[in-house]
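Structure assessment
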Amino acid sequence: MRIFSCPSCGGEVNFSNTDCLACGQPLHFDIAVGDFVAAGADCTNRPAIGCNWVAGDSGLCWSCAMTRVIPETMEGENRLHWAKSETAKRRVLAQLGRWGWFTPADTGRLPVFRMLSEVTSDGPRDVVMAHGDGEITINVTEADVLERMERREELGEKLRTMIGHIRHEIAHFLFLRLCDAPDFLPAFRALMGDETADYAAALARHYDAGPPEGWGAAHVTPYASAHPHEDWAETLAHLLHLVDIIDCAVAAGWISAEAPAGYDAYAELDGQKVITLGADYAMGVNHINRSIGLGDIYPFVLTDGVRDKLAFVHGWLGAGPVSVPVSSDGTS
Ligand SMILES: [Zn+2]
Ligand SMILES: [Zn+2]
Ligand SMILES: [Zn+2]
């Protein structure tokens, strides 16, 4: 994510700031222009969750309007967890918006979010993060860092974040959107396999027996080897991690001949270059983290097989929203 300027005083502003630290002006981000705007009304959710996006016609902002279900805000820490989850979601939407996905200019179908908590007035309930036919379910309870760490240990994962969850689930929806492009599915199947294979059986096998021997040669995580749909979602989430890492590094002034000042990772057409740059920056931060006893921010190995898949995802995402060709009878 780049660093923004306050529309009133020009001071430095971070994406999640609700007010300018320099002049005190309330801030409003507008996804239609990808920047903070000088005038705008507060999103209805601003008092409850600190949403800093500009209100649309409904009173909610573009991001909050995609959320159809919210947790019971009076129960436990639900309001705080919902707020953290929406913050992560806004970041992912703003990122995808850099390629034109899911912005007001995107005429395709938009995702719908259900933000659910395990804490309800009827007692605890299970919530499974999932995507089904355009509807994304997020378990906001995982916004709690201790809850998330516990699950990460249980599942033996190297990285588990709310942004990662949202990138993964939104990837399943992007798959649906890309299926509108006639060339997408054949190319996907040639690289990642047949996604019509029995999904429930594949996941049961994964949780029972673990990943197959040698999974890392062509899968970014063990879970990616469970089923072609999960390969796609995990790979896409990692591509978004890498591009955001580059964007942040360049914004912080960490520039080079390959990525000079003002370099736009979202405009880069060379997928392999994006992967190399992102991985190099990540290794640099891993190295820095060790200086103060912190873990690696990006503890993954990108093999040639994984890089091919990341480059494939990059090509399709970077091309922007798929416009469905209109057939001769006028339907699409
Ligand atoms: Zn200011
Ligand atoms: Zn909002
Ligand atoms: Zn998934």
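Now for a quick tour of the structure. Fair warning: this is a prediction, and the values are worked out from it, not measured in the lab. (Residues numbered from 1 in each chain as written. Chains lettered and ligands numbered in written order. Predicted model: local features only at pLDDT ≥ 70, side-chain atom pairs only at ≥ 80, totals over all residues.)

Here the focus is the overall build of the protein. Helix and strand counts for the protein come out as 9 helices and 10 strands. Over its C-alpha atoms the protein spans a radius of gyration of 20 Å, differing by no more than 12% from the 20 Å that the globule rule assigns to 332 residues. On the principal axes, the C-alpha backbone points of the protein span a range of 60 × 60 × 55 Å. Within the protein, buried positions represent 37% of all 332 residues. (Helix = DSSP H or I, 4+ residues; strand = E, 2+ residues; numbered from the N terminus. Rg over C-alpha atoms; globule rule 2.2 N^0.38 Å. Buried ≥ 20, exposed ≤ 12 C-beta atoms within 10 Å, placed from the backbone.)

Further remarks concern the nonpolar core. Nonpolar side chains tend to gather and get buried jointly when the protein is soluble and globular. With 73 residues, the main nonpolar core has Trp53, Cys61, Ala171, Leu236, Leu239 and Ile246 as its most contacted residues. Those elements that provide at least two residues to this core are α2 (78-97), β6 (112-116), β10 (135-139), α4 (162-178), α5 (184-192), α7 (228-251), α8 (271-290) and α9 (304-318). In contact with Leu236, other than residues within four places in its own chain, are Arg167, Ala171, Leu174 and Val313. (Core = buried A, V, L, I, M, F, W, Y, C linked by C-beta atoms within 7 Å. Contact = placed C-beta atoms within 7 Å.)

Spatially, 4 strands are ordered β5-β6-β10-β9 in an open sheet, and the strand pairing comes out mixed. On the outer flanks of this sheet lie β5 (67-69) and β9 (130-132), each paired with one strand and no other. Each neighbouring strand pair of the sheet contributes to a mean axis angle of 30 degrees, computed without reference to strand direction. Alignment of β6 against β10, held across 5 bridges, turns out to be parallel. Residue pairing for β10: Val112 is matched across the bridge by Glu135. In this fold α4 packs onto β9 and β10, with an angle of close to 165 degrees to the strand it touches most, β10. (Pairing = 2+ DSSP bridges. Axes fitted to C-alpha atoms, helices over the stretch in contact; angles between N-to-C directions.)

Of note, Thr44 is situated in the loop between β4 (35-36) and α1 (46-49). Given 16 C-beta atoms within 10 Å, Thr44 falls into the partly exposed group. Separated by 17 residues in the primary sequence, Thr44 and Cys61 place their C-alpha atoms 7.7 Å from one another. What Thr44 contacts, discounting residues up to four positions off in sequence, is Ala55, Gly59 and Leu60.

The subject of this paragraph is the pairing of β10. Bridge count between β9 and β10: 3 bridges; the pairing is antiparallel. Counted as the bridge partner of Ala130 is Thr137 from β10. Connecting the antiparallel pair β9 and β10 is a turn made up of 2 residues, with Asp133 showing a positive phi of about 45 degrees.

Turning to the packing of α7 against α8, a few remarks are in order. For the pair α7 and α8, interaxial distance at closest approach is 8 Å and the crossing angle is 65 degrees. Considering their axes alone, α7 and α8 lie roughly perpendicular with respect to each other. Taken as a pair, α7 and α8 cross one another with a handedness that is left-handed. Facing Leu242, Val243, Ile245, Ile246 and Ala249 of α7, the residues of α8 in contact are Val274, Ile275, Leu277, Gly278, Ala279, Tyr281 and Ala282. Grouping the amino acids of the contact of α7 with α8 by side-chain chemistry returns 11 nonpolar, 1 polar and no charged. (Parallel < 35°, antiparallel > 145°, perpendicular 65-115°, else oblique. Left-handed = near helix turned anticlockwise from the far one by under 90°. Nonpolar A, V, L, I, M, F, W, Y, C, P; charged D, E, K, R; others polar.)

This part covers the environment of Asp144. Mapped onto the secondary structure, Asp144 falls in the loop between β10 and α3 (145-155). Aside from chain neighbours lying at most four places away, what touches Asp144 is Glu77 and His81.

On to α7. Relative to the 34 Å expected for 24 residues at 1.5 Å per residue, α7 spans 35 Å between its end C-alpha atoms, a close match to the ideal helical length. With 22 of its 24 residues buried, α7 lies for the most part within the structure. The first or second residue beyond α7 is Gly253, which carries a positive phi of 90 degrees. (Expected span 1.5 Å × (residues − 1).)

The angle between the axes and the distance between the axes are what describe a pair of packed helices. Put simply, α8 and α9 touch, their axes get as near as 8 Å, and they point 120 degrees apart. Of the two possible hands of crossing, α8 and α9 adopt the one that is right-handed. Of the residues in α9, those touching α8 at Gly271, Gln272, Val274 and Ile275 are Arg307, Leu310, Ala311, His314 and Gly315. For the contact of α8 with α9, the class distribution of residues is 4 nonpolar, 4 polar and 1 charged.

Turning to α4, a few remarks are in order. The end-to-end C-alpha distance of α4, which contains 17 residues, comes to 24 Å, matching closely the 24 Å that a straight helix rising 1.5 Å per residue would cover. Summarising burial for α4: 14 of the 17 residues are buried, a large majority.

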